[in-house]
Amino acid sequence: MIATDVAIVGGGIVGLATAYQLTRTLPKSRVVVLEKEPEVGCHQTGHNSGVLHSGIYYKPGSLKATNCREGKKLMEQFCADEGIAYEICGKVIVAIDESDLPALERIYERGQANGVACEVIDKARLAELEPHAAGIRAIHVPEAGIVDYKAVCRRMAERIVEAGGQVLTDARVSSIVRSKAKAVLMTADGREVVTEQIVNCAGLQCDRVTALGGQKPEAKIIPFRGEYFELKHEAEHLCKNLIYPVPDPAFPFLGVHFTRMIEGGVECGPNAVLAMGREAYRKTDFNLPDVMEIMGYSGFRKLAFKYWKTGLGEMWRSASKAAFVKALSRLVPEIRAEHLEPAPAGIRAQAVLPDGSMVDDFLIQEADHVINVNNAPSPAATASLNIGKTIVERLVPRLT
């Protein structure tokens, strides 16, 4: 049996950041992180494109906006202190034609309201920053950057252990029993953890962990696979840093874009197609129980009915490399199919409400002995240290 003050379910970047902040805020507290995989940062954290987001897109005053702005500062400081590679390289958000201009202006206004250093630039200035990008106007965001989030996770885990905490891998939580005095978690391999408080940062499995703890989750996780290509070396000159389109305001996705990565290379994508399982990273992966759960959820059926045309377009881009190239060529017209090679896919844990609406902000549900992070969408990695700080602020009164 392991006795602890706080048990954190999920060893992605949000769970680790929470444990890390707890060891700094309450250094005498005991903390255990339970990660079901053999190492930390295996799922959403380890499959994103490593962007340090500025917070320009998000509604002013939202949890996304405030956590992103503060979290970015904390992440940059952590990386600087720990010697983890990161770079403030800047990005451009490109209006391809006149129809994009109203949305571009709204994004700029949000950026100004959120305190983001950004400016609207003309076609000539865009050509200086990204010579191969199309567009009639753009927003330049010089403070956006790139980082290695898996390296961040590994270092956080080291610091947690150095502070006296534990990071347990291969530790899938199979049951949670809460009483008035404590909570008991059992892992699939028979380990027992007795704790005062649980923090659920289980990402793709967060709603299921919420249910294990005796609460009904407000939303259900629907997995969307984001498929990527990578530019071959001879085509990397087509993107200097980060090139993004003006996103569709109806969706919490940013559209296919070009991202220079901190370890080298340029990633292109993602699309957003329904995954046939919560961890179905390959097109051929199929998890029947997951699929049946998705199809049986009224919220998903309502979502699919509303956006079926968009969904078909995403599926076509998934099936057709030519269609994917066409989408990319709107941003960089010189892109050709022969410039691209497949790259690993990621999966986004999209929280969907019973009415079919997608949750676009962080969603936290609390009960006795448990804090459930039931939606932590992008920019969760950028914002993770501030999210962790916020969760710890909620924990402190429970522990003292």
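Here, every reference points to the structure presented above.
Conventions and cut-offs
- Residues numbered from 1 in each chain as written.
- Predicted model: local features only at pLDDT ≥ 70, side-chain atom pairs only at ≥ 80, totals over all residues.
- Heavy atoms only, no water.
- Axes fitted to C-alpha atoms, helices over the stretch in contact; angles between N-to-C directions.
- Helix = DSSP H or I, 4+ residues; strand = E, 2+ residues; numbered from the N terminus.
- Parallel < 35°, antiparallel > 145°, perpendicular 65-115°, else oblique.
- Contact = heavy atoms within 4.5 Å.
- Nonpolar A, V, L, I, M, F, W, Y, C, P; charged D, E, K, R; others polar.
- Core = buried A, V, L, I, M, F, W, Y, C linked by side-chain atoms within 4.5 Å.
- Buried < 20%, exposed > 50% of the residue type's maximum accessible area, 1.4 Å probe, protein only.
- Pairing = 2+ DSSP bridges.
- Phe/Tyr/Trp six-rings, centres within 6.5 Å; stacked < 30°, edge-to-face > 60°.

**Things to note about the packing of helix α3 (residues 63-82) against helix α6 (residues 149-162)**
It is at 11 Å that the axes of α3 and α6 come closest, and there the two elements cross at 70°. It follows from the interaxial angle that α3 and α6 lie roughly perpendicular. The residues of α6 that touch α3, namely those facing Met75, Phe78, Cys79 and Glu82, are Tyr149, Val152, Arg155, Met156 and Arg159. Counted by class, the contact of α3 with α6 contains 6 nonpolar, no polar and 3 charged residues.

**Quick word on the nonpolar core**
If you look at the biggest cluster of nonpolar residues, it comprises 38 residues, and the most contacted ones within it are Ile8, Ile13, Leu16, Met75, Val152 and Met156. Broken down by secondary-structure element, the contributors of at least two residues to this core are β1 (2-9), α1 (13-25), β2 (31-34), α3, α6, β20 (370-375) and α12 (380-399).

**Concerning the environment of Gly145**
Counting through the fold element by element, Gly145 comes out in strand β8 (residues 145-147). On the basis of relative accessible area, Gly145 is assigned to the buried category, the value being 0%. Residues contacting Gly145, with those up to four places away along its chain left out, are Gly50, Val51, Leu52, Glu87, Ile88, Cys89 and Leu242.

**Let's talk about the sheet that holds strand β3 (residues 51-52)**
Strands pair in a sheet through their backbones, by hydrogen bonds, and they do so in one of two ways: parallel or antiparallel. Taking strand neighbours across the sheet as the criterion, the 3 strands line up as β3-β8-β4 in an open arrangement whose pairing is antiparallel. Single-partner strands in this sheet number two, and they are β3 and β4 (86-87). Where β4 and β8 come together, 2 bridges link them in antiparallel fashion. Along β8, the bridge assignment pairs Tyr86 with Val147.

**Here's the deal with the packing of aromatic side chains**
Under the counting rule described, the total for this entry stands at 3 aromatic pairs. Between Tyr20 and Phe78, the ring centres sit 5.3 Å apart and the planes meet at 85°, which makes this aromatic pair edge-to-face. Of this pair, Tyr20 sits in helix α1 while Phe78 sits in helix α3; the two residues are 58 residues apart in sequence, bridging distant segments of the chain. For the pair formed by Tyr20 and Phe78, the shared burial category is buried. Ring plane angle 55° and centroid distance 6.2 Å describe the contact between Tyr57 and Tyr58, whose orientation is recorded as tilted.

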